[in-house]
Amino acid sequence: DTAVSQTPKYLVTQMGNDKSIKCEQNLGHDTMYWYKQDSKKFLKIMFSYNNKELIINETVPNRFSPKSPDKAHLNLHINSLELGDSAVYFCASSQVSGDTEAFFGQGTRLTVV
Amino acid sequence: GENVEQHPSTLSVQEGDSAVIKCTYSDSASNYFPWYKQELGKRPQLIIDIRSNVGEKKDQRIAVTLNKTAKHFSLHITETQPEDSAVYFCAASSSSASKIIFGSGTRLSIRP
């Protein structure tokens, strides 16, 4: 059983489109995250949710809107996609907020053309 | 907020030799320091972690050290093998911060 799963794995889309990435974890964790990994491999925190509540928003443009319908799901919707949004997006979860192991999904490679 | 610096950005070692990756952190409230390995095209996965009440931890060929006073922590890999080739990330976090901050990564290559 996959612990943290995200879909799709690959996403190619044109500038200006709106797209969503879905994430689900079956570990019973309370905290979920979205990270962005750019071409230089930097892993940058975007959002942190604890029990469906937004805890951290790291100055991400408001074109990015996370949604957590329940604590096992954290989806990411992106409006008006730009070339600079091209990256690998990782969902992750941890048992408690911050100071325990984070388990990552397989990543979604987003390419904006 | 927390800032984690990691060096070197690339590291090439002969198979069988040791590799050392160093990190520094800025937030004295950080109390959890995990290390992740990311193979090409794969997700980051935890390989070892250390908490601020411990100075050193070892797991087979991998060891981590932590100097709280200097805000330094390091990853040591001994007897390196080809499968150790990957990008390694250090990270720092605390329960109050609600996030894990990653270093910039070290691309480790093992020469046969």
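All figures in this text were calculated on a predicted structure; none of them were measured in a lab.

Caption draft 1: The arrangement of unusual backbone geometry in detail. Residue T7 of chain A is joined to P8 of chain A through a cis peptide bond whose omega torsion reads 0°. Within the secondary structure layout, P8 of chain A lies in the loop between β1 (4-7) and β2 (10-13). Cis geometry marks the peptide bond from H7 of chain B to P8 of chain B, where omega comes out at -5°. Position of P8 of chain B among the secondary structure elements: in the loop between β1 (4-7) and β2 (10-14). Phi is positive for K71 of chain B, close to 60°, though the residue is something other than glycine. Mapping K71 of chain B onto the fold places it in the loop between β7 (62-67) and β8 (72-77). With a relative accessible area of 25%, K71 of chain B lands in the partly exposed category. Despite not being glycine, E79 of chain B has its phi angle at roughly 50°, a positive value. Looking at the element boundaries, E79 of chain B is found in the loop between β8 and β9 (86-94). Look at E79 of chain B and you get exposed, because its relative accessible area is 53%.

Caption draft 2: Structural view of the sheet that holds strand β7 (residues 64-67) of chain A. All names here are of chain A. Strands sit in the order β1-β3-β8-β7 across an open sheet of 4 strands; the sheet is antiparallel. Of all strands in the sheet, those with a lone pairing partner are β1 and β7, marking the two edges. Between one strand axis and the next, the sheet turns through 15° on average, direction left out of account. As paired elements, strand β3 (residues 19-25) and strand β8 (residues 75-78) share 3 bridges and run antiparallel to each other. In the strand pairing of β8, K19 is matched with I78.

Caption draft 3: Geometry of the interface of chain A and chain B. In this complex, chain A contributes 22 residues to the contact, which on the side of chain B involves 21 residues. The contact between chain A and chain B buries some 1900 Å² in all, and 57% of this surface belongs to carbon and sulfur atoms. On the chain A side of the contact with chain B, L43, D99 and F104 of chain A bury the most area, a combined 29% of that side's loss. Between the two partners, chain A and chain B, sit 1 salt bridge.

Calculation rules
- Residues numbered from 1 in each chain as written.
- Chains lettered and ligands numbered in written order.
- Predicted model: local features only at pLDDT ≥ 70, side-chain atom pairs only at ≥ 80, totals over all residues.
- Heavy atoms only, no water.
- Helix = DSSP H or I, 4+ residues; strand = E, 2+ residues; numbered from the N terminus.
- Buried < 20%, exposed > 50% of the residue type's maximum accessible area, 1.4 Å probe, protein only.
- Pairing = 2+ DSSP bridges.
- Axes fitted to C-alpha atoms, helices over the stretch in contact; angles between N-to-C directions.
- Contact = heavy atoms within 4.5 Å.
- Buried area = accessible area lost by both parts, 1.4 Å probe.
- Salt bridge = Lys/Arg side-chain N within 4 Å of Asp/Glu carboxyl O.

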